[in-house]
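# Structural features, examined
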Amino acid sequence: MISNRELFLKNTAQTSDSPRLIEIEKAEGSYLYGPQGQKYLDLVSGFNVSNIGHRHPRVIQAIKDQLEKYLHVTVYGEFVQAPQVQFATKLLENLPDSFGSVYLTNSGAEAVEGSMKIAKKYTGRRQIIAAKNAYHGSTQGALSLIGNAEYHKAYAPLLPEIDFIEYNKLQDLECITEKTAAVFVEAIQGEAGVRVPSVEYMQALRNKCNETGALLIFDEIQTGFGRTGRLFAFEHFGIVPDILMLAKGIGGGMPLGAFVAPKAIMDVIKSNPMLGHITTFGGHPVSCAAALASLNVILEEKLIEKVEQKAALFRKELAHPKIKEIRGLGLMMCLQVENFDQVYNISKYCADNGVMIDWYLHCETALRVAPPLTISEEEIMEACRIIRAAIDKFC
Ligand code: PLP
């Protein structure tokens, strides 16, 4: 019989010549399980998705309850679907009052696309500013905002009138003018290797957008839902963006994204032309039911309050002379080493010994550590023991 691994290589599209090819049969809590009894402590969380661990019982129950009622019934924005309404309401209850409307999508890239459109339409301007080394998704619009020439070259021409500034560089804020429709930034740059900007920079960025009338659009697709020790990372900087883009951890393991804006900004998509931004599956009722359960778990189980303490334990246990730096906020961390060979060998050794870590798109010299927020202290100690052994072996 042909194995699933062979069928994967033969019949499903490959995104690189070197997929990790780890087969997963089941996932529960902080662990992934393979078909031959392999057990992996997951420090990647499906790339910042499984913030409350895999298959949280309250999420599974919410999914089952919704399955008994209805699946897809119509395109987004027509029928009143309780899971969408309840989730959007809960989300707004946990955001500053300036946010008044939630548009639900299938993915992060779609949240980016929608945000670009409302920013242009609301301001009547065309120029968009993004940051070098950003990652915002792989659709053509989102790709246009990725500040990495290598990714642009192969797919050019992309969207016009997009300019790039250096992230966290105060002088570059001068590029934002009355011509700028919007500035797109990640609250913390993830794929650049977890670059945390200064509070001073973020406040200056907010002020510059206020002065020029440019909309400040925060990508919290990686940083959202408690990951950094606050529900949203913008809270660390004492500012509020105009538009917030969410995905990944939003759905408790189900596909969902959203962009959230003041009602006056969101309302521009209703007319001229009407139906100018629509989606068939965006805000799928099962995903929204899971998202509401997941948000309730984060809030009611007070997961965010324990993030700092768990991050401190990681930092203590990973204090190693060969780790040059541990960057990050809360449980969005990265371990800086010397080169990609070390990154590759350490991740492989860790996987072979039951710990899943990974790397970053725009930073080849750093290891990704972003466990579920529900990870226990014992699991952290065990994971760090394996990582230290890998560092001893390869650095
Ligand atoms: N923005 C950031 C910061 C991301 O990390 C990602 C995905 O990794 C996206 C946007 C795109 O999200 P999606 O893959 O759901 O389209």
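Per an unreviewed UniProt entry, the protein chain is named Aspartate aminotransferase family protein, and its organism is Sphingobacterium thermophilum. The Sequence similarities (unreviewed entry) comment attached to the protein chain in UniProt states, word for word, "Belongs to the class-III pyridoxal-phosphate-dependent aminotransferase family." Turning to the protein chain, the UniProt annotation filed under Cofactor (unreviewed entry) states: "pyridoxal 5'-phosphate".

## Observations regarding helix α4 (residues 82-93)
The end-to-end C-alpha distance of α4, which contains 12 residues, comes to 16 Å, matching closely the 16 Å that a straight helix rising 1.5 Å per residue would cover. Every buried residue belonging to α4 is among Pro 83, Gln 84, Phe 87, Ala 88 and Leu 91, and all of these are buried. Across the axial projection of α4, the buried residues extend over an arc of 120°, all falling on one side. Buried positions along α4 lie against α3 (57-67), β4 (101-105), β9 (243-246), β10 (257-261) and α10 (285-300).

## Some points on the pattern of salt bridges
Within this structure, the stated rule accounts for 18 salt bridges. Notably, a salt bridge pairs Arg 58 with Glu 300, separated by 2.8 Å at the nearest N-O pair. In this pair, Arg 58 is assigned in helix α3 and Glu 300 in helix α10, connecting sequence segments 242 residues apart. In this structure, Glu 174 engages Lys 208 in a salt bridge whose closest nitrogen and oxygen atoms are separated by 3.6 Å. Here Glu 174 is found in the loop between β6 (162-165) and β7 (180-186), whereas its partner Lys 208 is found in helix α8 (residues 199-212), with 34 residues between them in sequence. With a relative accessible area of 57%, Glu 174 lands in the exposed category. The network of salt bridges with common partners includes Lys 26, Glu 28 and Arg 55.

## Observations regarding the domain arrangement of the protein chain
Quoted interface sizes are often the accessible area lost when the parts come together. Taken domain by domain, the protein chain comprises domain 1 (4-55 + 302-394) and domain 2 (58-300). Placing the centre of domain 1 and that of domain 2 at their C-alpha centroids yields a distance of 26 Å. Contacts between the two partners involve 29 residues from domain 1 and, on the opposite side, 35 residues from domain 2. Buried surface at the junction of domain 1 and domain 2, both sides included, amounts to about 2700 Å², of which 61% is carbon and sulfur. Looking at the side of domain 1 facing domain 2, the largest losses of area belong to Ile 304, Met 332 and His 362, adding up to 27% of the total buried there. Linking domain 1 with domain 2 are 1 salt bridge. Note that Glu 191 is salt-bridged to Arg 368, the shortest N-O span being 2.8 Å. Here domain 1 is connected to domain 2 by 19 residue pairs in polar contact (both at pLDDT 80 or more). Going through the elements one at a time, α2 (45-48), α11 (307-317), β11 (325-329), β12 (332-336) and β15 (363-369) are the ones with two or more residues in the side of domain 1 that touches domain 2. Residue composition of the side of domain 1 that touches domain 2, by class: 18 nonpolar, 6 polar and 5 charged.

## Some words on the site of the ligand
Near the ligand the following residues occur: Ser 107, Gly 108, Ala 109, Tyr 135, His 136, Gly 137, Glu 186, Asp 219, Ile 221, Gln 222 and Lys 248. Backbone polar atom of Gly 108 to an oxygen atom of the ligand: 2.8 Å apart, as the coordinates give it. Taking Gln 222, its side chain carries an N or O atom lying 2.9 Å from an oxygen atom of the ligand. Burial of the ligand by the protein amounts to 81% of the accessible area it has alone, namely 390 Å². A class-by-class count of the residues in the shell around the ligand yields 3 nonpolar, 5 polar and 3 charged.

The rules behind each value
- Residues numbered from 1 in each chain as written.
- Predicted model: local features only at pLDDT ≥ 70, side-chain atom pairs only at ≥ 80, totals over all residues.
- Heavy atoms only, no water.
- UniProt positions renumbered as here; feature names shortened; annotations may be inferred.
- Helix = DSSP H or I, 4+ residues; strand = E, 2+ residues; numbered from the N terminus.
- Expected span 1.5 Å × (residues − 1).
- Buried < 20%, exposed > 50% of the residue type's maximum accessible area, 1.4 Å probe, protein only.
- Arc of directions from axis to C-beta.
- Contact = heavy atoms within 4.5 Å.
- Salt bridge = Lys/Arg side-chain N within 4 Å of Asp/Glu carboxyl O.
- Domains from an automatic or database assignment.
- Buried area = accessible area lost by both parts, 1.4 Å probe.
- Polar contact = N/O pair within 3.5 Å; in protein donor to acceptor, adjacent residues only side chain to side chain.
- Nonpolar A, V, L, I, M, F, W, Y, C, P; charged D, E, K, R; others polar.
- Near = heavy atom within 4 Å.
- Areas by Shrake-Rupley, 256 points an atom, 1.4 Å probe, with all protein chains shown as cover.

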